[in-house]
Amino acid sequence: ALGFRFATRLPNASNESGLGRDTTDFTAAFLLGKTVRSIRFVGNIGFLILEDPAEPATQDDLLVYGLSLARALAEGFEVVGDVHGRANFAETVAVGAEDRGVLRLGARYTRGSVRVDGAFQIGLTPRDPDFGFTTGLTWVVDAFRVP
């Protein structure tokens, strides 16, 4: 599977209020997914343009990336892992445009329309949490069927 993702964040809240950055940011990424036997690979790479709220008419250009693997071990049970983040190669970096990255390793179990997952996560930069745990519950509902 191939794809291209565009996203824009609009300035809905002011920087002074502490609720937003008061900037317009833009992301574009190339997406790729491939299944080989019982392993699913998904990756993305692209760029992120962040306006600097402290310096008008300046921006930071970052590389965004992600890679995930899912390996089926038994019916409905998979081990999963992913790494994702962003890298800023500029010499001077604005606040909020620093490098970020997280590595996650976990498992998920699917039965019928319900999926439960959990993972241990490790931060890859000094700005990310050292470690943590994440869990999720997904319930797929068929809202309608196309004839």
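See the structure above.
Rules used throughout
Residues numbered from 1 in each chain as written. Predicted model: local features only at pLDDT ≥ 70, side-chain atom pairs only at ≥ 80, totals over all residues. Heavy atoms only, no water. 1 Å grid on protein atoms, 1.4 Å probe; cavity = no way out; pocket = protein on both sides within 12 Å on 5 of 7 lines; lining within 4 Å. Points joined across faces, edges and corners; volume = space filled by probe spheres on them. Nonpolar A, V, L, I, M, F, W, Y, C, P; charged D, E, K, R; others polar. Helix = DSSP H or I, 4+ residues; strand = E, 2+ residues; numbered from the N terminus. Core = buried A, V, L, I, M, F, W, Y, C linked by side-chain atoms within 4.5 Å. Buried < 20%, exposed > 50% of the residue type's maximum accessible area, 1.4 Å probe, protein only. Contact = heavy atoms within 4.5 Å. Pairing = 2+ DSSP bridges. Axes fitted to C-alpha atoms, helices over the stretch in contact; angles between N-to-C directions. Phe/Tyr/Trp six-rings, centres within 6.5 Å; stacked < 30°, edge-to-face > 60°.

1. Thoughts on the layout of surface pockets
Counted as a void, the largest pocket has a volume near 220 Å³. Forming the boundary of the largest pocket are Arg 5, Ala 7, Thr 27, Ala 29, Leu 31, Asn 44, Leu 48, Val 64, Tyr 65, His 84, Gly 85 and Arg 86. Considering only residue class, the lining of the largest pocket consists of six nonpolar, four polar and two charged. The calculated volume of the second largest pocket comes to roughly 180 Å³. Counting residues per element, the ones that place at least two in the lining of the second largest pocket are strand 4 (59-74), strand 5 (77-88), strand 6 (100-111) and strand 7 (114-123). Looking at the lining of the second largest pocket residue by residue, the class counts come to three nonpolar, four polar and four charged.

2. What about the nonpolar core?
Counting five residues, the largest nonpolar core is built from Leu 48, Leu 50, Leu 62, Val 64 and Ala 97. When residues no more than four places from it in sequence are discounted, the contact partners of Leu 50 are Arg 9, Arg 21, Asp 25, Thr 58, Gln 59, Asp 60, Leu 62, Arg 86, Gly 96 and Ala 97.

3. Brief notes about unusual backbone geometry
Although it is not a glycine, Arg 37 adopts a positive phi angle of roughly 55°. Inspection of the secondary structure assignment puts Arg 37 in the loop between strand 2 (25-36) and strand 3 (39-51).

4. So, the pairing of strand 2
Of the strand pairs in this sheet, strand 1 (residues 2-9) and strand 2 are connected by eight bridges, and their pairing is antiparallel. Its bridge partner lying in strand 2, Leu 2 is registered against Leu 32. Summarising the sheet, strand 2 and strand 3 pair through 11 bridges and their orientation is antiparallel. Paired with Ala 29 across the bridge in strand 3 is Gly 46.

5. Focus: the sheet that holds strand 4
One open sheet accounts for eight strands, arranged 1-2-3-4-5-6-7-8; its pairing is antiparallel. Taken across any chain shown, the strands that pair with only one partner, and hence form the sheet edges, are strand 1 and strand 8 (131-139). Averaged over all neighbouring strand pairs, the angle between strand axes comes to 15°, with direction disregarded.

6. Re the packing of aromatic side chains
Taken as a whole and assessed by the stated rule, the structure comprises four aromatic pairs. Considering the side-chain rings of Phe 26 and Phe 47, the 6.1 Å spacing of their centres and the 50° angle between planes classify their relative orientation as tilted. Placement of Phe 26 in strand 2 and of Phe 47 in strand 3 is noted, with a sequence separation of 21 residues between them. Centre to centre, the rings of Phe 120 and Phe 131 are 6.3 Å apart; their planes meet at 20°, and the pair counts as stacked. Taken together, the residues span a long stretch of sequence, with Phe 120 in strand 7 and Phe 131 in strand 8 at a distance of 11 residues. The exposure class assigned to Phe 120 is partly exposed, which follows from its relative accessible area of 40%. Residue classification places Phe 131 among the exposed positions, given a relative accessible area of 60%.

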